[in-house]
Amino acid sequence: MKRTRFSSRKRISPDAGELGRLAAGLAESGGRLEDRFWEAQLAALIERLLADGAEDDLNAALDRLYDTNAQAHDELADLVESGAESCVLSYQGQDYDVLLFNAPLLAWSRFSIPAERIPAPTLGMLKVQLGAHVFAAGAQLALADFLFSPDQLPRSFVDTARLLRELGAAALERRDLPLDATTMAETSRFLSDTRYVVGAVVVPRGAPVFRWNEADGSREVALKEWVRQGGPCLEPLLTGCAFQPLLADAYHAACRNADSASRPYSVRASAAFLQTTLGKPTESFRAVIGAFYDRQLEEYRIGFGPRDSDTLYHGVVWPLLGAEDESTDIVSEIEAVLRESGVKEIVSLDQQFPFEFCDDCGAPLYPNIEGETVHAEMPEQTNATSQTLH
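As the structure is a computational prediction, the values presented were derived from the model and not from experiment.

Colleague: Even after reading the chapter, I still don't get the environment of serine 260, so can you show me in this structure?
Modeller: Structurally, the position occupied by serine 260 is in helix α8 (residues 251–278). The spatial distance from the C-alpha of serine 260 to the C-alpha of threonine 182 is 30 Å, given a sequence separation of 78 residues.

Colleague: Explanation requested: the sheet that holds strand β7 (residues 285–293) in the structure shown.
Modeller: Strands in a sheet are paired, the pairing made by backbone hydrogen bonds, and the direction either parallel or antiparallel. Spatial strand order, β9-β8-β7-β10: 4 strands in an open sheet with mixed pairing. Each end of this open sheet is capped by a strand with a single partner; those strands are β9 (314–319) and β10 (345–354). Mean inter-strand twist for the sheet, computed between neighbouring axes without regard to direction, equals 20°. Here β7 runs beside β10; their pairing, made up of 7 bridges, is parallel. When the sheet's bridge partners are listed, valine 288 is paired in β10 with valine 347. This element, α8, spans β7, β8 (297–306) and β9 of the sheet and lies at about 175° to β9. On top of the sheet, helix α9 (residues 330–340) reaches β7, β8, β9 and β10; it is set at about 30° to β8, its chief contact.

Colleague: I would appreciate a short explanation of the packing of aromatic side chains in the present structure.
Modeller: What describes a pair of aromatic rings is the distance from one ring centre to the other and the angle between the planes of the rings. As enumerated under the stated definition, the model contains 9 aromatic pairs in all. Taken together, a centroid distance of 4.7 Å and an interplanar angle of 55° make the contact between phenylalanine 101 and phenylalanine 135 tilted. With phenylalanine 101 in strand β2 (residues 94–108) and phenylalanine 135 in the loop between α5 (120–133) and β3 (140–148), the pair connects residues that are 34 residues apart, well separated along the chain. Like phenylalanine 101, the residue phenylalanine 135 is buried in the burial classification. Considering the side-chain rings of phenylalanine 135 and phenylalanine 210, the 5.4 Å spacing of their centres and the 25° angle between planes classify their relative orientation as stacked. Placement of phenylalanine 135 in the loop between α5 and β3 and of phenylalanine 210 in the loop between β4 (192–204) and α7 (219–234) is noted, with a sequence separation of 75 residues between them. Residue phenylalanine 135 is classed as buried on the basis of its relative accessible area of 1%. Given the relative accessible area of 8%, phenylalanine 210 is considered buried.

Conventions used here
Residues numbered from 1 in each chain as written. Predicted model: local features only at pLDDT ≥ 70, side-chain atom pairs only at ≥ 80, totals over all residues. Heavy atoms only, no water. Helix = DSSP H or I, 4+ residues; strand = E, 2+ residues; numbered from the N terminus. Pairing = 2+ DSSP bridges. Axes fitted to C-alpha atoms, helices over the stretch in contact; angles between N-to-C directions. Contact = heavy atoms within 4.5 Å. Phe/Tyr/Trp six-rings, centres within 6.5 Å; stacked < 30°, edge-to-face > 60°. Buried < 20%, exposed > 50% of the residue type's maximum accessible area, 1.4 Å probe, protein only.

Structural data, given as structure tokens:
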């Protein structure tokens, strides 16, 4: 996925330099015929580097272009993502298009949100619903048997491409992919977080992949039916959680969609959590919005507390994504979500807050009505553990 990169003056390898040259050519292309010429060369080089495990070359090229040629950076990033999440595999004399996908879901809970192995019967039900409502007729699916947290997804393009090929081979053999749960990274605990069902879909070369690629399909209907019929299949995995399934899509696009959707979801979850935990109506709380800067604007933080005090009970982080910056009217979006959640007193502070965290526990500090950054702490009588919604 595209992410902020900082300057690097190190010499880069010949392969990284070639990636930059080809990406610059694509960025300067004047038409589709020339686009295809550059794309074919770039795709072949990216495929080789992914197969060789040359993550450093890919990142070095992206870093260099981030500093020197923004359009070429984006062109290369798109093709690297595509190479990591899709490929062509041959099976029994026929070529198949293979796509790594994930089906994100947003969840919140006063308890721990599970990230664990998915039982075989649940995998079977999920594949039936995905096949019926999300993917095209005739598509074959394989799922990884684990409900991933963001900390447990592949950390690199090379790791993503490796998972793509393992799941693609499993789909062609009509089986699922068992993972070693003991090797999974430890999951950070948040009240609101995202979980991912990850799989691969294979179709004959050039055939439709998604239901909305077919003449009588649409994304809107696919999402509606996936939520209605796929949602109940997820309930056994998310005991004690409120959750919202999102539409399955190509791996990186689904991750970005989940990142974007998780921001308003976390605000709504925060309001619901305070209301149910403290037994008070949402309009009894105040929300304070502050902008937090490092080298530039990094995120907004929202502190929740009682309207009659400068105390903060809880906090939400609203990070900037993609091309968002100070000129993007994010505050209005946050305010709209807060009003929809029932919060009536909303204060947006004009000052720039430093991008700071607690020295002792590492938790974000949130703005209060006095313009100070403080810890968010739930009242002691609730016996609730203070956690961060993110």
